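# Structural overview
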Amino acid sequence: MVLTDTMSDDHWRLTYNGYDPAKEGQREALFTLGNGYFASRGAAEESTANHIHYPGTYLAGGYNRLNSDIGGKVIEHEDLVNWPNWLLLKWKHEDGDWMELETSNIIEYSQSLDLRSGIIERQIHTADKKGRETRIISRRLVHMRYPHLGAIQWHFKPQNWSGNITVHSALDGTVRNSGVDKYRKLEGKHLRKHQTGQFKENGIYLKVETSQSETRMCQAAGTAILPGDSFSSIKKETIEAEEYIAQEFTFPVKENREVIIEKIIALSTSKDHAISDTVSEAQKAISRAMSFEELSKEQNEAWQEIWSRCDTEINCGTSHEQMLLRLHIFHLFQTLSPNSIDLDVGVPSRGWTGEAYWGHVLWDEVFIFPLMNLSLPELTRSLLMYRYRRLHEARHNALANGYKGAMYPWQSGSNGREETFGFHYNVLTGNWIRNDFQIQHHVNSAICYNVWQYFQVTGDYEFLSFYGAEIMLEIATFWASKATWSEHKRKYEINHIIGPDEYHTRYPGSDKPGINNNAYTNIMAIWVLKHARRAIEVLDERSRLQLTIRLRITKEELYRWDDISQNMFIPFSCGGKIITQFEGYDDLKELDWNYYKQQYGEILRLGGIMEKEGVDINRFKAAKQADVLMLFYLFSSTELVQLFETAGYKFDPKDIPLNIEYYEKRTSHGSTLSKVVNSWVMARCHRDKSWHNFNTALVSDFEDIQGGTTPEGIHLGAMAGTVDLIQRCYTGLEMREGALWFNPQLPDDLTEIEYPLYYRGHWIRFHLTQNQLKLTCYTGWSDESIDVYVKEHRYQLKKGEEKIFQYDKKMVKAEK
């Protein structure tokens with residue numbers, strides 16, 4: 001029986017009423033619980049991996065490599081490992097079968113995620129073939145304060161019967177990676193050397209090791225039966241196999257009498273700090289663990305600490321947007337939390353919620369770090385260290401490809417080598433097609449941009465001196481070696497690359513990958529060369545000298561950087577008004593968008609559709625996602641004009657709306673990031689369209705608008721992007737030149753924004769309405785005042801001070 005699906009309007013709770021097998025995969029991803037150390041999908045405890053359910057558990061940075069035979073070719077691939085399933089908890093009548101949602105008569109069913117505390121609750125009311133009704137309230141957490149612990153609690157109540165039941169509590173190591181349909185042709189068995197055992201009265205453990213990376217994990221579990229009144233005996237049996245261990249408890253229950261069943265688990269891995277061995281550490285954690293109620297109390301406290309740093313409140317007429325915004329913040333901080341700060345992990349594009357993109361790190365930091373910078377900059381610093389530790393590998397990658405400096409991979413995993421798979425699977429055709437995405441070198445510029453933005457927010461000279469400047473200089477060196485001089489153009493060029501729009505990977509009729517002079521890539525290279533020089537200038541003399549000597553950056557090299565940035569080729573069309581996506585773009589054909597919309601309706605997967613039709617998308621002016629528009633996303637009009645002026649071009653900000661309109665007509669929005677970018681760039685000239693795009697981005701995972709991608713893992717960059725739209729875009733917030741800049745312009749439907757932000761040692765409460773901005777500097781460690789610009793008017797703000805600004809389009813007035 002499947003009940004009608006409804007959703008609660010509570011802006012702190014995501015609730016589904018009704019069980020729908022077709023949507024279970026999506027809900028499992030959205031209900032993933034994590035703490036920055038490990039995460040487990042929101043699958044029903046009684047389920048195992050099948051065509052409906054996928055109870056995956058993932059360790060932050062827990063990768064392993066396997067070899068797969070694809071069409072007779074052996075290919076090595078690195079995956080985010082699906083670790084043993086600790087969730088498995090099921091029950092049956094003594095004379096019946098194990099209860100499963102698919103075979104039970106479901107009378108009532110609901111799933112709820114409390115965003116305040118990070119606790120899932122399921123309410124299940126079922127009946128078996130004999131009419132015996134049972135109600136279970138299931139609660140689950142992955143602990144934010146104690147990152148090695150997870151817990152499940154069942155309130156089990158027979159409604160109209162009494163009798164014996166059996167409860168089965170297991171640790172299942174038979175799992176494999178099979179959470180993404182299109183990857184199932186690849187080898188997926190990552191775990192080996194299984195070891196099982198018992199400890200104390202109700203303790204069991206399972207130890208495994210990955211086949212190549214040799215990461216060891218021990219899971220230990222303790223299960224307790226807490227009856228409402230005493231009964232004579234509980235029969236216990238241990239079931240032990242090579243890759244599986246479980247305990248079964250058989251005992252009597254009485255009609256309308258509640259029994260509480262608790263399962264507490266602990267994870268320990270060989271990657272942990274301050275451990276002796278994984279088995280003893282996991283067992284020790286279980287022996288010291290508190291009850292579920294005590295754990296849930298501290299879980300709530302830990303999440304309240306996080307929410308105090310990042311909760312973003314909006315008023316737009318309904319609670320729907322507020323709840324989804326909090327859901328996005330929740331996913332960011334359960335993927336990357338204070339527990340991540342001491343770990344060697346990067347930012348996975350799909351979080352630790354599924355196996356899409358093999359759990360790899362791409363360029364999503366550029367959408368995620370702005371939120372982290374304003375709420376937990378220590379975390380941003382730690383995540384940037386993931387890149388710094390892989391700088392040597394990026395240097396080797398550049399050298400192996402004939403360049404200098406550092407060339408970071410498009411997809412990164414354990415050690416920073418290029419993990420981009422050489423083939424891409426088209427779900428519409430079942431074909432594996434060539435993939436040249438490893439030449440998306442714009443990831444280098446994004447990393448450099450992230451370093452500088454972190455420094456702008458924090459003023460962290462120590463990080464810049466020891467780590468950040470080195471990253472920036474090596475990326476600048478790469479772009480200087482990648483750029484070539486064209487005698488014909490009398491300009492520098494950057495050739496054979498792929499921009500953020502992944503539809504154009506080569507020129508029509510060419511077998512050589514890449515296109516030339518992608519406008520976004522070239523402008524970003526100019527920015528990198530300029531700001532790498534600025535990074536040197538802000539260092540103290542000793543640090544500057546040591547770094548330039550060690551990296552062999554001479555004055556002549558710096559002069560060359562200036563020459564390249566001042567003479568970089570940027571393609572334009574329409575009399576210099578339209579920034580051309582790349583050289584040769586104007587020669588491409590216009591796509592008949594109406595035809596494809598009429599034939600296929602939703603065309604987010606336009607690339608796959610055209611490949612299915614045997615049509616080369618490289619021949620057409622069609623974009624998967626924002627490319628040129630990324631320039632307006634990352635830079636203010638003032639900054640962008642300056643960048644063009646550096647290269648000797650004049651660009652009128654009045655032409656920005658023309659560029660937005662031009663590319664909006666030619667974009668399929670095949671990436672969830674695209675609507676974020678389009679919402680941002682439309683905020684000033686088309687506020688109604690901006691708000692529409694914001695709402696589309698806001699529901700991208702909630703409604704799985706790409707048709708099946710959310711079950712494979714949520715889209716972390718798009719989630720962060722929606723929060724960033726509220727915090728920075730609509731407020732006009734920038735951090736540059738050692739100051740905070742505000743230029744608010746709210747959409748008509750958005751009447752109020754309030755959130756805390758952290759800037760250079762100050763916690764500031766930010767409150768904005770359609771005509772008033774209030775800044776309250778309520779705490780912090782710094783006694784220095786900060787410069788604040790509101791619509792270009794300069795003010796100063798000190799700790800303990802509050803300023804109110806009345807503003808409209810033409811003026812601003814400050815009040816104390």
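Residues numbered from 1 in each chain as written. Predicted model: local features only at pLDDT ≥ 70, side-chain atom pairs only at ≥ 80, totals over all residues. Heavy atoms only, no water.

### Points about the sheet that holds strand S17 (residues 235-241)
Here we have four strands laid out as an open sheet, ordered S8-S13-S18-S17, and antiparallel in their pairing. If you trace the sheet from one side to the other, it starts and ends with strand S8 (89-93) and S17, each paired once. In this sheet, adjacent strand axes meet at a mean angle of 20 degrees when their direction is disregarded. In this structure, S17 lies alongside strand S18 (residues 244-253), joined through seven bridges in antiparallel fashion. Directly across from Lys 236, in S18, lies its bridge partner Phe 249. (Pairing = 2+ DSSP bridges. Helix = DSSP H or I, 4+ residues; strand = E, 2+ residues; numbered from the N terminus. Axes fitted to C-alpha atoms, helices over the stretch in contact; angles between N-to-C directions.)

### Considerations on the sheet that holds strand S5 (residues 57-59)
Taken in spatial order, the three strands make up an open sheet running S3-S4-S5, and their pairing is antiparallel. At either margin of the open sheet sits one strand with a lone partner, and together these are strand S3 (33-34) and S5. Bridge analysis of S3 against strand S4 (residues 38-40) gives two bridges, and the strand direction is antiparallel. Across the sheet, Leu 33 pairs through a bridge with Ser 40, a residue of S4.

### Some words on the nonpolar core
Among soluble globular proteins, nonpolar side chains are generally buried collectively. Judged by nonpolar contacts, the single largest core of 216 residues is most densely connected at Phe 333, Trp 363, Phe 632, Tyr 730 and Ile 753. Broken down by element, the residue count for this core peaks at 12 residues, all from helix H10 (residues 519-538). The next biggest cluster of nonpolar side chains, apart from the first, holds 15 residues, and it includes Ile 119, Ile 264, Ala 266 and Ile 286. (Core = buried A, V, L, I, M, F, W, Y, C linked by side-chain atoms within 4.5 Å. Buried < 20%, exposed > 50% of the residue type's maximum accessible area, 1.4 Å probe, protein only.)

### What about unusual backbone geometry?
Of note in the backbone geometry, Lys 193 takes a positive phi value of approximately 50 degrees without being a glycine. Summarising the element assignment, Lys 193 is placed in strand S14 (residues 191-199). Not every positive phi belongs to a glycine, and Asn 256 is a case in point at roughly 65 degrees.

### Re empty space enclosed by the protein
Under the defined criterion, the tally for this structure stands at three cavities of 30 Å³ or more. One number sums up the size of the largest cavity: a volume of about 100 Å³. Around the largest cavity, the lining comprises 14 residues; the ones closest to its centre are Asp 79, Asn 177, Tyr 183, Glu 355 and Trp 358. In terms of residue class, the lining of the largest cavity is made up of five nonpolar, five polar and four charged. Volume-wise, the second largest cavity comes out at about 70 Å³. Around the second largest cavity, the lining residues are Val 366, Phe 369, Pro 370, Asn 373, Tyr 449, Asn 450, Gln 453, Arg 728 and Met 735. Elements with a minimum of two residues in the lining of the second largest cavity: helix H5 (365-375) and helix H8 (442-458). Counting residues per element, the lining of the second largest cavity draws most heavily on H5, at four residues. Grouping the amino acids of the lining of the second largest cavity by side-chain chemistry returns five nonpolar, three polar and one charged. (1 Å grid on protein atoms, 1.4 Å probe; cavity = no way out; pocket = protein on both sides within 12 Å on 5 of 7 lines; lining within 4 Å. Points joined across faces, edges and corners; volume = space filled by probe spheres on them. Nonpolar A, V, L, I, M, F, W, Y, C, P; charged D, E, K, R; others polar.)

### Quick notes on the side chain of Asp 272
Within the fold, Asp 272 resides in the loop between strand S19 (259-269) and helix H2 (278-288). One buried charged side chain, Asp 272, makes no salt bridge at all; its nearest oppositely charged neighbour is Lys 271, positioned 8.5 Å away. At 2.7 Å, the side chain of Asp 272 and the side chain of Tyr 37 are in polar contact. Looking at Asp 272, its side chain comes within polar contact range of the main-chain nitrogen of Thr 269, at 2.8 Å. Excluding anything up to four places from it in sequence, Asp 272 contacts Tyr 37 and His 148. (Lys, Arg positive; Asp, Glu negative; His and termini not counted. Salt bridge = Lys/Arg side-chain N within 4 Å of Asp/Glu carboxyl O. Polar contact = N/O pair within 3.5 Å; in protein donor to acceptor, adjacent residues only side chain to side chain. Contact = heavy atoms within 4.5 Å.)

### Some details on the packing of aromatic side chains
On inspection of all chains with the given rule, the structure shows 45 aromatic pairs. Seen from their ring centres, Phe 572 and Tyr 649 are 5.6 Å apart, and the 35 degrees between their planes marks the pair as tilted. Residue Phe 572 is found in strand S25 (residues 572-573), and its partner Tyr 649 is found in the loop between helix H16 (637-646) and helix H17 (656-664); the two are separated by 77 residues along the sequence. Where Phe 694 meets Tyr 730, the ring centres are 6.4 Å apart and the plane angle is 70 degrees; that geometry is what we call edge-to-face. Separated by 36 residues along the polypeptide, Phe 694 in helix H19 (residues 687-698) and Tyr 730 in the loop between helix H20 (716-729) and strand S27 (734-736) bring together distant segments of the chain. Like Tyr 730, Phe 694 is buried. Sitting over the face of the ring of Trp 98, Lys 92 holds its NZ or CZ atom 4.7 Å from the ring centroid. Stacked on the ring of Trp 741, the Lys or Arg Arg 736 has its end atom at 4.0 Å from the ring centre. (Phe/Tyr/Trp six-rings, centres within 6.5 Å; stacked < 30°, edge-to-face > 60°. Lys NZ or Arg CZ within 6 Å of the ring centre and 35° of its normal.)

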